[in-house]
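Topology and contacts: notes
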Amino acid sequence: MIQAPKGTFDVLPEDAARRELLEGHARKILGAAGYRRIETPTFEATELFARGVGEATDIVQKEMYTFDDGAGRSLTLRPEGTAPICRAYIEHGMHKLPQPVKLWYLGRYYRAEAPQRGRYRQFSQVGAEAIGSATPETDAELIVLLADLLEAGGVRRTRLHLSSLGTPETRAEYRAELVAYLRAHESLLSDEVATRIDLSPLRAFDATDAGTREVMQAAPKLLDRLAAEDAQHFAAVRALLDDAGVSYELDPTLVRGLDYYTRTVFEFASDALGAQSGVGGGGRYDRLIEQLDGPPTPASGWAAGIERILLAAGAPPPAAELVDLFVALASPDGRRTAFELSRAARRAGLQAQQELGNRSLKGQLRHADRIGARYVAIVGDGASKGVAGGAAGLVSLKNMESGEQRDTTADEVIPTILRGIRP
Ligand code: AMP
């Protein structure tokens, strides 16, 4: 039996309804702030991610679905959305538009990760980018928009982690300082941390053993090393969030999995999730467009996982399907009337279905009941009643709620239902 590939899943109709609802929230919340929808291709030149996400990142090193297009070009299924949008910004000369250019997107992304709850190889992200503004207001606006979206999506128990990464230069100096500090205290560190000092010194902040934790208490923090301008920018972002009543935890160890971040970085986590607790995050990436051969352009943005939002929101009650009309067939004579009537009903704005099986009339009524039809029109019953002439136009209309049933004509069915459901 062929099954869906490991790390992928089917979106069944019940799930699709929840996803559409969430998409509607995104459209409304982001649209109200002037963000416009953009869609980029599912695959891009591999080089875009190598340069845009960072050659040394886990994503580029281990997680990309890369293939040859048969003509010697290397393509990659997009693992994230920001680099492609920057590519589009440059390619379409969007720097000539009024700045910032505010964009949002929703689509599928691909990472060859080890699957677990909330972590898939094909997943969906909704994201927003504001390109062409360096102001702290831009960062704060993006953060409150994500907070609003998560709230609208019903995400429970969220926590916002916030930090600033300053510039890559500050980061490099800080890293060297931290490595030297860890070396000086090496004998007190756990073996695991000690052997990885050069490779990933920041990981030492996450260690749980008493010795390392003690050492890390007094370790230098990147936030204390920011250049004056970066520190001011970060203070302004925080002040705006404070005013907006958005609470956050300063997390000096927040590192994002992509190389391109500068200054503000943030991540919303939900305690309603397990190990994969991140629901969405992002930050400022002032160097990325230039890195992709565009003009120097400050920018900021975020992405949130649709599946994680739905998981963290728990299961809402399934949306009730509304079927206004089911057209049942009493005899084959009514076929054309049934077909026409259901089409006319849909064009009049009703949700209408017709019998598509070969059920008995009794079976059809049972089916109509099961799908929750409010009305059933039984057509093709004319001949048995001995009506001359427009026999096929004679219809018996049953109100499934009251049980009331009366004879009418096909022409009268739609007006009767419209009066009944929207009096
Ligand atoms: P990132 O682009 O890594 O910052 O991810 C942004 C958000 O996308 C995360 O907070 C998750 O909600 C979601 N996400 C990232 N990777 C995956 C994955 N493999 N499966 C499901 N969701 C993911």
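Residues numbered from 1 in each chain as written. Predicted model: local features only at pLDDT ≥ 70, side-chain atom pairs only at ≥ 80, totals over all residues. Heavy atoms only, no water.

**Considerations on the packing of helix 1 (residues 13-32) against helix 11 (residues 306-313)**
Packing of helix 1 against helix 11 leaves a shortest axis separation of 11 Å and a crossing angle of 105°. With respect to their mutual orientation, helix 1 and helix 11 come out roughly perpendicular. Between helix 1 and helix 11, the contacting residues are Arg18, Arg19 and Leu22 on the first element and Ile306, Glu307, Ile309 and Leu310 on the second. Split into classes, the residues belonging to the contact of helix 1 with helix 11 amount to four nonpolar, no polar and three charged. (Axes fitted to C-alpha atoms, helices over the stretch in contact; angles between N-to-C directions. Helix = DSSP H or I, 4+ residues; strand = E, 2+ residues; numbered from the N terminus. Parallel < 35°, antiparallel > 145°, perpendicular 65-115°, else oblique. Contact = heavy atoms within 4.5 Å. Nonpolar A, V, L, I, M, F, W, Y, C, P; charged D, E, K, R; others polar.)

**Observations regarding the side chain of Thr76**
Tracing the backbone through its elements, the reader meets Thr76 in strand 4 (residues 74-77). Here Thr46 takes part through its side chain, which lies 2.8 Å from a polar atom of the side chain of Thr76. Ignoring anything within four residues of it in the chain, the contact list for Thr76 reads Thr42, Phe43, Glu44, Thr46, Phe49, Met64, Tyr65 and Thr66. (Polar contact = N/O pair within 3.5 Å; in protein donor to acceptor, adjacent residues only side chain to side chain.)

**Focus: helix 1**
Since the α-helix turns once every 3.6 residues, residues separated by three or four places project in the same direction. The end-to-end C-alpha separation of helix 1 is 29 Å, in line with the 28 Å expected for 20 residues at 1.5 Å each. Inspection of helix 1 places Arg19, Leu22, Ala26, Ile29 and Leu30 among the buried residues, and these make up the whole buried set. Seen end-on, helix 1 carries its buried residues on one side only, within an arc spanning 90°. What points out from helix 1, more than 90 degrees from its buried face, is the exposed set Pro13, Glu14, Glu20, Leu21, Lys28 and Ala32. Packed against the buried residues of helix 1 are strand 5 (101-110), strand 6 (122-131), helix 5 (136-152), strand 11 (299-305) and helix 11. Where helix 1 terminates, the next one or two residues include Gly34, which has phi positive at roughly 90°. (Expected span 1.5 Å × (residues − 1). Buried < 20%, exposed > 50% of the residue type's maximum accessible area, 1.4 Å probe, protein only. Arc of directions from axis to C-beta.)

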